[in-house]
Amino acid sequence: MNIILVPFQKIGKFVLYTVEELGLIAIYIWESFISIPQYFINFENLIDQIIFIGMDSFYVVGLTGLFTGMVLSLQAYYAAKIVGVTYMIGPTVALSMVRELGPVLTALMITARCGSSMASEIGTMKVTEQIDALEVMAVDPYYFLSVPRILAAMAMLPVMTVLCSLIGIIGGYLVYVYFLGLNHVTYIEKIYQYIELKDIYNGLLKSVFFGAILAIISTFKGFQTTGGAKGVGKYTTQAVVLSSVYILFADYLLTSILF
Amino acid sequence: MIVLQGLSKSFSGVKVLDDLNIEFGEKQITVVMGRSGGGKSVMLKHIIGLMKPDSGKVLIGGIDINALKKKELNEIRKKFGMVFQDGALLDSLTVFENVAFPLRQHMKHSEKEIEDKVYSILADVGLNGQYNKMPSEISGGMRKRVGVARALILNPEIMLFDEPTTGLDPVMSDVINNLIISMHNKFKFTGIIISHDISGAFKTGDIIAMLYEGKIIESGTPEKFQNSSNPVVKQFISGTMEGPILI
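Calculation notes
Residues numbered from 1 in each chain as written. Chains lettered and ligands numbered in written order. Predicted model: local features only at pLDDT ≥ 70, side-chain atom pairs only at ≥ 80, totals over all residues. Heavy atoms only, no water. Salt bridge = Lys/Arg side-chain N within 4 Å of Asp/Glu carboxyl O. Pairing = 2+ DSSP bridges. Helix = DSSP H or I, 4+ residues; strand = E, 2+ residues; numbered from the N terminus. Axes fitted to C-alpha atoms, helices over the stretch in contact; angles between N-to-C directions. Patch = residues over 30% accessible without salt bridge, like charges linked within 9 Å, V, L, I, M, F, W, Y side chains within 5 Å. Areas by Shrake-Rupley, 256 points an atom, 1.4 Å probe, with all protein chains shown as cover. Buried < 20%, exposed > 50% of the residue type's maximum accessible area, 1.4 Å probe, protein only. Contact = heavy atoms within 4.5 Å. Buried area = accessible area lost by both parts, 1.4 Å probe. Polar contact = N/O pair within 3.5 Å; in protein donor to acceptor, adjacent residues only side chain to side chain. Nonpolar A, V, L, I, M, F, W, Y, C, P; charged D, E, K, R; others polar. Core = buried A, V, L, I, M, F, W, Y, C linked by side-chain atoms within 4.5 Å. pLDDT = per-residue confidence, 0-100.

A word on the pattern of salt bridges. Tallying each qualifying case throughout the model produces 19 salt bridges over all chains. A salt bridge links Arg104(B) to Glu97(B); the shortest N-O distance between them is 3.1 Å. Through salt bridges with shared partners, one network takes in Glu100(A), Lys206(A) and Asp251(A).

Residue and element names in this part refer to chain B. Strands sit in the order 6-7-8-3-9-10 across an open sheet of 6 strands; the sheet is mixed. Only two strands of the sheet have a single neighbouring strand rather than two, namely strand 6 (80–83) and strand 10 (215–220). With strand direction ignored, the average angle separating the axes of adjacent strands in the sheet is 20°. Of the strand pairs in this sheet, strand 9 (residues 207–212) and strand 10 are connected by 5 bridges, and their pairing is antiparallel. Pairing of isoleucine 208 across the sheet is with glycine 220, part of strand 10.

There is a patch of nonpolar side chains on the surface, built from Ile4(A), Phe8(A), Ile11(A), Phe14(A), Val15(A) and Val19(A) and spanning about 650 Å² of accessible area. Along the chain, Ile11(A) falls in helix 1 (residues 2–38).

Residue and element names in this part refer to chain B. Strand direction decides the pairing type here: strand 1 (residues 2–11) and strand 4 (residues 55–60), joined by 5 bridges, are antiparallel. Paired with isoleucine 2 across the bridge in strand 4 is isoleucine 60. Pairing geometry for strand 4 and strand 5 (residues 63–64), over 2 bridges, is antiparallel. Its bridge partner lying in strand 5, leucine 59 is registered against aspartate 64. The hairpin formed by strand 4 and strand 5 contains 2 residues between the paired strands, and glycine 61 there has a positive phi angle of roughly 55°.

In this section: the environment of Gly129(B). All names here are of chain B. Within the secondary structure layout, glycine 129 lies in the loop between helix 4 (111–124) and helix 5 (140–152). Residue glycine 129 is classed as exposed on the basis of its relative accessible area, which comes to 58%. Sequence spacing of glycine 129 and threonine 190 is 61 residues, and the spatial spacing of their C-alpha atoms is 29 Å.

Tallying the contact residues gives 21 residues for chain B and 20 residues for chain A. Summing both sides of the interface, chain B and chain A together bury roughly 1,800 Å²; the carbon and sulfur share of this comes to 58%. At the junction of chain B and chain A, the tally comes to 4 salt bridges. Across the salt bridge formed by Lys45(B) and Asp132(A), the nearest N and O atoms sit 3.6 Å from each other. Here chain B is connected to chain A by 4 residue pairs in polar contact (both at pLDDT 80 or more). Within the residue set of the side of chain B that touches chain A, elements represented by two or more residues are helix 2 (70–77) and helix 3 (95–106) of chain B. Its residues assigned to classes, the side of chain B that touches chain A comprises 9 nonpolar, 4 polar and 8 charged.

This part takes up the side chain of Thr30(B). Residues and elements named next belong to chain B. Among the secondary structure elements, threonine 30 is positioned in strand 3 (residues 29–34). Residue classification places threonine 30 among the buried positions, given a relative accessible area of 2%. For threonine 30, the contacting residues outside a window of four places in its chain are Phe24, Gly25, Gly191, Ile192, Ile193 and Ile207.

It is worth spelling out the nonpolar core at this point. Of all hydrophobic cores here, the largest spans 92 residues; its most connected members are Ile53(A), Leu4(B), Phe24(B), Met43(B), Ile47(B), Ile60(B) and Leu160(B). If you tally residues by element for this core, the top one is helix 6 (residues 141–179) of chain A, at 15 residues. Discounting residues that sit within four places of it in the chain, Leu4(B) has contacts with Leu20(B), Asn21(B), Ile22(B), Phe24(B), Met43(B), Ile47(B), Lys57(B) and Val58(B). Of all hydrophobic cores here, the second largest spans 45 residues; its members include Ile114(B), Val125(B), Leu179(B) and Ile193(B).

Let us now look at the confidence of the model for chain A. When pLDDT is averaged along chain A, the result is 93, and 98% of the positions lie at 70 or above. Of all secondary-structure elements in chain A, the lowest mean pLDDT belongs to helix 1 of chain A, at 86, while helix 4 (residues 89–127) of chain A reaches the highest, 96.

Now the structure itself:
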């Protein structure tokens, strides 16, 4: 009998855990955003986070974009060569970067770099009673810690996405012209011909959502942290994994709605 | 006046506070003693609204803080200062910035006024010249003193001390106890100290209470407490294994 029941128990536990988790995240989002009109936005913290998520992530996001664009160009060449449409490599690289890879890869790289940092920093503050100290000093920890991070991520993800996509297109161009020896005018002309403003806007809109997701999940997991150093590690891992999964899930939903 | 009425709290079915009743007198220092893990910190977190009770009330000046909205609770919290066991200093800020933090959050002082206040309170707690150090660069005793300075900077009406001498050597413990007494004389706050440091409690406390099995089982002046006939209190003061306290 147990053999039959155990899988159902596990499914039930998983469903309850997921519903509880989503409920807690919804409450957390509400409490974070409700704190915004109650206080002035902490601009000092906001600017720190904008620098951390934006400027400090430039190299990692730029390198990701560069190599992705280069690989795309190369892979597209092998396929396009067969059917004789190598002139379509430029639009292939550009559309892939602008609509899909730019927003998603930027979000995933910033999750790895900044999301982990947000979760571990807030988690460490939680286990060392620094969050309690903020509350005792009548400082709303959501307003002080979460809101600047969430707003900075929502503001900077589109900027970093633009950079990632642009560098990716340049990477594709470098391979197209210098490695494959194809005509650089064709690459640029065809991009202009096939790419629409809507592609860029929708890609940027996606990145705003991704920024919100990664910052909300990462800070939420930081606040959930218990259990000392081991707990900080555990919840940081959860933050990165969950943020990445939610970003990919949201990517599918948004792509099906927007494009 | 702080009053805890019928306060109960359980964690995973284990009752930590069990119909706890106590009143803390104004401008007095009350030391609540009890065993490690006996619910003292839980009681303190209820007083400041960091935890909500399963039942019972926490009345601060007649107001039940658990019935308040977040913003109203934060207004009440501005009356409090709290010194945490390990200081709970914000580790990304220097000593100066930690002490200045409540001022920057709640007051509209000029930078000069903030500097003057911070230097003055750091001098009061004996920490001249340590302004630019990070919390990780100073000793445990110094961290506690910075914690005291940060808690006092807004001149609170009520000060809570969570095991202020735990983890310190006897000399540093005495330094902290003397600091609490001198700061109390200067600022005239209502103090609540939770501790299991017997000598420190007798030195600093106007009233000493004993928390055992979730209830206050004894409360009174140090003399009354020392001469208590309660076998639990007697065993706790003598620090022996033999007695009614379950190990």
